[in-house]
Amino acid sequence: MGRQIAMSAALSGYATIVQDISSDGLEFAEAELESWVAKQIGKNKLTVDAAGAALNRLSFAQDLDRAAADADFVIEAATERLDIKRSIFKCLGTVAPAHAILATNSSTMGSSMVAEASGRADRVCNMHFFNPALVMKCVEVVRHESTSDATVNTVMALASRLGKEPVLIKREIPGFIANRLMGAVQREALALAGAGIASITDIDTTARTALGHPMGPFELMDLVGLDVIDFIARANFAQTGTETDAPNERVSALVAEGKLGRKSGIGFYDYAQCH
Ligand code: 3HC
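Residues numbered from 1 in each chain as written. Predicted model: local features only at pLDDT ≥ 70, side-chain atom pairs only at ≥ 80, totals over all residues. Heavy atoms only, no water.

Undergrad: Please clarify how the nonpolar core should be interpreted in this entry.
TA: A general tendency of soluble globular proteins is for nonpolar side chains to be buried together. Counting residues in hydrophobic clusters, the biggest one holds 16 residues, and the most contacted among them are Phe218, Met221, Val251 and Phe268. Mapped onto this core, the elements with two or more residues apiece are α8 (178-194), α9 (200-211), α10 (217-224), α11 (226-240) and α12 (249-256). The element that contributes the greatest number of residues to this core is α8, accounting for four residues. Residues within four places of Phe268 in sequence aside, it is in contact with Leu190, Ile200, Phe218, Met221, Asp222, Leu226, Arg250, Val251 and Leu254. Grouped together as the second largest cluster of nonpolar side chains are 15 residues, Val74, Leu92, Ala96 and Ala115 included. (Core = buried A, V, L, I, M, F, W, Y, C linked by side-chain atoms within 4.5 Å. Buried < 20%, exposed > 50% of the residue type's maximum accessible area, 1.4 Å probe, protein only. Helix = DSSP H or I, 4+ residues; strand = E, 2+ residues; numbered from the N terminus. Contact = heavy atoms within 4.5 Å.)

Undergrad: I keep staring at the site of the ligand and nothing clicks. Help me out?
TA: Around the ligand, a shell composed of 19 residues is seen, among which Gln4, Lys43, Lys45, His128 and Asn131 lie nearest. His128 is positioned such that a nitrogen or oxygen atom in its side chain is 2.8 Å from an oxygen atom of the ligand. Between the ligand and the protein, one listed contact pairs an oxygen atom with a side-chain N or O atom of Asn179 at 3.2 Å. Protein contacts shield 65% of the accessible area of the ligand, which totals 1000 Å² for the unbound molecule. Among the secondary structure elements, those contributing two or more residues to the shell around the ligand are α2 (23-42), α8 and α10. Across the shell around the ligand, the residue classes tally to eleven nonpolar, six polar and two charged. Formed jointly, the shell around the ligand draws a minimum of three residues from each of two domains, domain 1 (2-169) and domain 2 (178-264). (Near = heavy atom within 4 Å. Polar contact = N/O pair within 3.5 Å; in protein donor to acceptor, adjacent residues only side chain to side chain. Areas by Shrake-Rupley, 256 points an atom, 1.4 Å probe, with all protein chains shown as cover. Nonpolar A, V, L, I, M, F, W, Y, C, P; charged D, E, K, R; others polar. Domains from an automatic or database assignment.)

Undergrad: Explain a nonpolar patch on the surface to me, please; I cannot follow it from the model alone.
TA: Together, Val167, Ile177 and Leu181 give the surface a local cluster of nonpolar side chains, amounting to about 250 Å² of exposed area. When you line up the elements, Val167 lands in strand β7 (residues 165-169). (Patch = residues over 30% accessible without salt bridge, like charges linked within 9 Å, V, L, I, M, F, W, Y side chains within 5 Å. Salt bridge = Lys/Arg side-chain N within 4 Å of Asp/Glu carboxyl O.)

Undergrad: Help me understand the domain arrangement of the protein, please; the structure alone is not making it clear to me.
TA: Interface extent is often summarised as the accessible area lost during association of the parts. Assigned domains of the protein: these are domain 1 (2-169) and domain 2 (178-264). Using only C-alpha atoms to locate each centre, domain 1 and domain 2 end up separated by 27 Å. Interface area for domain 1 against domain 2, summed over the two sides, is near 640 Å², with a carbon-plus-sulfur share of 62%. Where domain 1 touches domain 2, the interface holds zero salt bridges. Counting every contact that joins domain 1 to domain 2 gives two residue pairs in polar contact (both at pLDDT 80 or more). In the side of domain 1 that touches domain 2, the residues fall into four nonpolar, four polar and two charged. (Buried area = accessible area lost by both parts, 1.4 Å probe.)

Undergrad: How should I be thinking about α2 in this particular structure?
TA: In an α-helix, one turn spans 3.6 residues; hence positions three or four apart end up facing the same way. Here α2 spans 29 Å end to end across 20 residues, near enough to the 28 Å set by a 1.5 Å rise per residue. Residues of α2 that are buried: Leu26, Ala29, Leu33, Val37 and Gln40. Take α2 and look down its axis: the buried residues cluster within an arc of 60 degrees, on one side only. Exposed residues lying more than 90 degrees from the buried face of α2 are Asp24, Glu27, Phe28, Lys39 and Gly42. Of the surrounding elements, those touching the buried residues of α2 are α1 (2-11), β1 (16-19), α3 (48-57) and β2 (58-61). At the N-terminal end of α2, a side-chain oxygen is found 3.3 Å from the backbone nitrogen of Asp24, two or three residues along, and the residue is Ser22. Once α2 finishes, Asn44 follows within two positions and takes phi at roughly 60 degrees, a positive value. (Expected span 1.5 Å × (residues − 1). Arc of directions from axis to C-beta.)

Undergrad: What should I look at first to understand unusual backbone geometry in this one?
TA: Residue Pro132 follows Asn131 across a cis peptide bond; omega there is -15 degrees. Secondary-structure assignment places Pro132 in the loop between β5 (124-128) and β6 (138-142). Even without being a glycine, Asn44 presents a positive backbone phi close to 60 degrees. Among the secondary structure elements, Asn44 is positioned in the loop between α2 and α3.

Undergrad: Explanation requested: the pattern of salt bridges in the structure shown.
TA: Once their charged atoms are close, side chains differing in charge can pair, the charge on each being opposite to the other. Counted by the stated rule, this structure contains twelve salt bridges. For the salt bridge of Lys85 with Glu80, the shortest nitrogen-to-oxygen distance reads 3.0 Å. Overall, Glu80 belongs to the buried group, its relative accessible area being 19%. Sharing partners across several salt bridges, the network here consists of Glu76, Glu80 and Lys85.

Undergrad: Whenever I open this one, the packing of aromatic side chains confuses me. Can you help?
TA: Pairs of aromatic rings are described using the distance from one ring centre to the other and the angle between the two planes. All told, the structure shown has one aromatic pair when counted by the stated rule. Judged by centre distance (4.8 Å) and plane angle (75 degrees), the rings of Phe218 and Phe268 are edge-to-face. Of this pair, Phe218 sits in helix α10 while Phe268 is found in the loop between α12 and α13 (271-274), placing the two residues 50 residues apart along the sequence. The two residues Phe218 and Phe268 agree in class, both being buried. (Phe/Tyr/Trp six-rings, centres within 6.5 Å; stacked < 30°, edge-to-face > 60°.)

This is the structure we're talking about:
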């Protein structure tokens, strides 16, 4: 998601550095964004000049120390592992300018888990974007006990300047708002399919045609990635212990088979054949 968040910032006029420890990851990010920009130009959604200006505001770096050295604002979107996030926040706390706000895109870890490591807990919060980040309007801004009002106000204002519609979550709760709502729909969809009441295709069709959802719950799980869905359930279940939050066996089995959704070409649907 990091590359699309970065592009949103570049399109809004901010000089933005995409940092990743993997050079392959950076190459992939650059290629995807260039291709997205070309399609936007083709659809007359972006002028050649605006696209060029946005791409010029983007740079790519492997070294976090150097990337963060002049940053006013950092949005961390690393893999959902607490040890990795803590070490990133520890590093950012040392190398980023003292005024810089450090936000995490995590959907499963409240920023209180990384705030202390940064040494500037008052300037840390969650800024949670949604897939695909260049398209989805919602940004969940989640404060923890020590997040200052000034930080919250700046993060909300920045999200608005990125063309998003930020919502404020006043205290940390597993799943925030969106993933709790999404989880409820997915649970019910998985239960209906598991009981043989209807096919996944018909359940998806119902969500689209009866409820006006842009995609059905199985299509959405495939878009987000079944590994991510499984990980979110495990993380939430570990925090709440509530049976309804437990990971779903069918999703876990697909993940174990390497069927992760769109990114692996197959999940609930087979993208080689169907899409
Ligand atoms: N990356 C960037 N842009 C994309 C994209 C992608 N992967 N997929 C689609 N788009 C863009 C298209 O370029 C198009 O842009 P345009 O309007 O400027 O031309 C626009 O989205 C619409 O795309 P399409 O016309 O091809 O297709 P749809 O109208 O079906 O829209 C969709 C695709 C936006 C993905 C829509 O189906 C949708 O909103 N689905 C629900 C997505 C959702 O619920 N996301 C939240 C997931 S939960 C999450 O992220 C939380 C995390 O913690 C797990």
